[in-house]
Amino acid sequence: MRMPGTRSTIFIFVGIATLILVIFQTLNAPLPASLLPPLLIFCALNVFTLTFGIPIAEGVVSMQTTTAVAAYLVMGPTGAAWTVFTGALVHGVIRARPTPRPDVPHARNRTTIFHLTIANAAMHTVTVLFSGAAFRAAGGITPLEDVAPYNYIPLALLCLTYLVTNYAIASVVIGLRGREAMRRYLNGLPRLVLYDAAPLSFAPLMALIYLRLGIGLFLIFILTLVLSSLAMQELATASLRLQRRVQELDSLHAIGQALSASLDLDTILAEIHIQARALMSTDNFYVALYNEEENEVSFPLAIVEGQPRRWSARQAGDGLTEYVLRTGAPLLIQENVSARVKELGVAEVGRQAVSWLGVPILAGDAPLGVIAVQSYAYPETYDESHLEMLTTLASHAAVAIQNARLYTRTDAALTRRVQELDSILRTVREGILLLDHEGHVLAANRTLTAFLGLTQAGLSGRRVDEPVYDEGDSLLARIGYTPASFQAHCRALSHGEVDFEKLQIVVRGPAGDRHVERTLVPVRDRDEQITRWLITLRDVTEEVELTMMREDLTDMLIHDLRAPLAIVQTGIEMVGLCVTEGDTENIDKALKLTWQSSDKMLHMIDTLLDISRLESGNVPLHRETIPVDILLRDITARFQVQVGARAITLSVDIAPDLPPVYVDVDFLARTIGNLLDNAAKFTPDGGRIWLRAAIDADFDPQAVLVSVIDAGQGIPSEVLPHIFKKFHQGKSQAGQSKGFGVGLSFCKLVAEAHGGRIWVESEVGRGSTFTIALPAASV
């Protein structure tokens, strides 16, 4: 791609303006014919010094400055102006001469050389004329006659003005190339000034040799100077190569340190860019990564005009990046990028560069991505040395990418395993405690901390025998160990005497005492060496309670069925005895007693069956609408017969205008009957029981509340939460258990089956009130 036409036009204008300036100077101060030989000599010397200069940073160190000043001191402004102007043009022609370089395509770019030639010609011409004017203004005279105190100041001003003007103009020109070029120029400026200023002391000597000793000795001096310059140029070139190699090694060392210090891909790629920036222009730099499965190219790092950019990933296409990925070989395009792109048969993607260099990032033969640098302004920005260095950087990038991907996969797998383990620890109902050999807590799950009323953060890293409770208890003590017993169990497991230790203990926690099955097992590695100790706590409180309930049920059934069975057996024996003796009068009494006992057993069995069916939801309710007073009248009539012998008074209070209820009459009659029977058990002889029915608008205007109130001993507050559980037994007035503990459980299930509820209010010494809420029938 050629330089933009506007820029070329500017340089043409600058070149013409410089030529006019030289011609104008010639018209004002014509050059005598006698100065033609020195003009040719100094012009040739100027070409030589420009050709064999030593590049440093964005400048070139040579004897050209000394030659230009010496030419001014010999021939004055006109001859010096023609010397530097013509020398720069001839030097440009030499640079543009075709030079076959098979290893580097398109080695020379005539447009760039043209621009540099015009810039050099203009810069040195203006510099020599301006510094010469300062020399004359200070009283300096040309040609130089001698070096004496009277012309020290003019000579010093000449040299100083030349250097300042030259570098000021060069700064402007280099600044147009971008910030990266200016940065490198400013970094190398002290060396440029030193190498240019040091030889300036020879400029007056060169002028005096020519003017006083003649052209013959001057040519000998020049030949000596040329040979010395060539030798110095070779030494300087070797020094630059060595310096560049040291810089490359430093960069590789820095990248190696980054690789060893971090597995983060972005950090390593940023370090690669920093090191590449020290070796070449990286104002436009990017790293592309290739995803073979998705056939996608992403850009984790992109620098445009010195600024980081975010480039979206794209499907792999036919750009230069994809070409390098396909071929697996570096690609250097020093100029004419558009023509080269067409020649390669690839598409132009994005902003077209003027100079482009890309190298593949390879893992074996597999392409991982591409590192590329490009210039949007200047051809020949990159050469073979840059290609080699970028290839080396790409090899380090390949290692970084592979390490980062491996780390990412490993980290993802580890994270997944940790999440799975955490999910298991959170899900299991057992409390889990993991300890190291010294007894430090390595892990404790949520179930364990809930058991013990602690926090996971508060346990982590602490010794298991350290106090963790306000009362001074340690975690070890809270789970039933002493330090000595814990060590003894660990030793037994270590020696293989047992495979695990299991014991049922009672643990005190926030929810009260819990029955816990504690298990201690060793954790072994692949070599069967014990590395950890694992303690599990399984809450078996419910199992223990069920076992106790089963035992209580067995005891109750044996007790409550044995008595009726004994009565039945006795009644049958009495009937047989009466028949034998012909005592017909007592046969009816014996049969009645036998019938009552068998009916009691049947009632107990029916209640258990009904509870089981109500709990499973398999009992159909035969609902009907019935007035409350009729429902309660039949119930109270039966009850008064039962308690008549104990002189217990039943007071019935039914609020007027109650709506009927929509209930299963049989179930509800049994429920209220159970509540009355229960009240009678805890009411002393001659006492009173109240049966009330009303509507509480604040509670629920659509519910009829039926309450049974006794004046018995009341229910302790700690018993109230368990009062409606199966097989719970209260104590009668005499302190004996009454019934087999299913009556209130049956009442609760019936109330809930009707969509209502039942509750109790009680105070020790003042009796109890059981209330059941029943749904009113729709009117």
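Residues numbered from 1 in each chain as written. Predicted model: local features only at pLDDT ≥ 70, side-chain atom pairs only at ≥ 80, totals over all residues. Heavy atoms only, no water.

A. Looking closely at the sheet that holds strand β16 (residues 649-654). The five strands lie next to each other as β16-β18-β19-β21-β20, forming an open sheet whose pairing is mixed. Sheet topology places β16 and β20 (757-762) at the edges, where each strand pairs with a single neighbour. When strand polarity is set aside, the average angle formed by the axes of neighbouring strands in this sheet is 15°. (Pairing = 2+ DSSP bridges. Helix = DSSP H or I, 4+ residues; strand = E, 2+ residues; numbered from the N terminus. Axes fitted to C-alpha atoms, helices over the stretch in contact; angles between N-to-C directions.)

B. Spotlight on the side chain of Gln374. Tracing the sequence through the fold places Gln374 in strand β9 (residues 366-375). Reaching out from Gln374, the side chain makes a polar contact with the side chain of Tyr376 at a distance of 3.2 Å. In this structure Gln374 touches Asn284, Tyr286, Trp311, Ala353, Ser355, Trp356 and Tyr382, once residues within four positions along its chain are discounted. (Polar contact = N/O pair within 3.5 Å; in protein donor to acceptor, adjacent residues only side chain to side chain. Contact = heavy atoms within 4.5 Å.)

C. Inspection of the sheet that holds strand β10 (residues 431-435) at higher detail. The sheet built from five strands is open, its strands ordered β11-β10-β14-β13-β12 with antiparallel pairing. Pairing within the sheet leaves two strands with one partner each, and these edge strands are β11 (441-444) and β12 (501-509). Pairs of neighbouring strands in the sheet enclose a mean axial angle of 25°, with direction left out of account. Across three bridges, the pairing between β10 and β11 is antiparallel. Bridged to Leu434 within β11 is Ala443. Strands in contact with helix α16 (residues 483-494) are β10, β12, β13 (512-524) and β14 (530-539); relative to β13, the strand with the most contacts, it is inclined by about 40°.

D. Structural detail: the environment of Ser8. Mapped onto the elements of the fold, Ser8 is located in helix α1 (residues 5-28). Remark: the alpha-carbon pair of Ser8 and His115, spanning 107 residues in sequence, is separated by 7.2 Å.

E. Inspection of the nonpolar core at higher detail. Counting residues in hydrophobic clusters, the biggest one holds 50 residues, and the most contacted among them are Phe42, Val69, Leu73, Met206 and Phe218. Secondary structure elements with two or more residues in this core: α2 (36-51), α3 (64-96), α4 (110-137), α5 (152-175), α6 (179-197), α7 (202-213) and α8 (215-261). Element by element, the count of residues in this core is highest for α3, at 13 residues. With residues near it in sequence (within four places) discarded, Phe42 still touches Thr67, Ala70, Ala71, Val74, Met75, Thr83, Met206 and Phe218. Counting 37 residues, the second largest nonpolar core, distinct from the first, contains Leu632, Ile635, Val708 and Cys747. (Core = buried A, V, L, I, M, F, W, Y, C linked by side-chain atoms within 4.5 Å. Buried < 20%, exposed > 50% of the residue type's maximum accessible area, 1.4 Å probe, protein only.)

Purely geometric stuff here, so don't read any function into it on its own.
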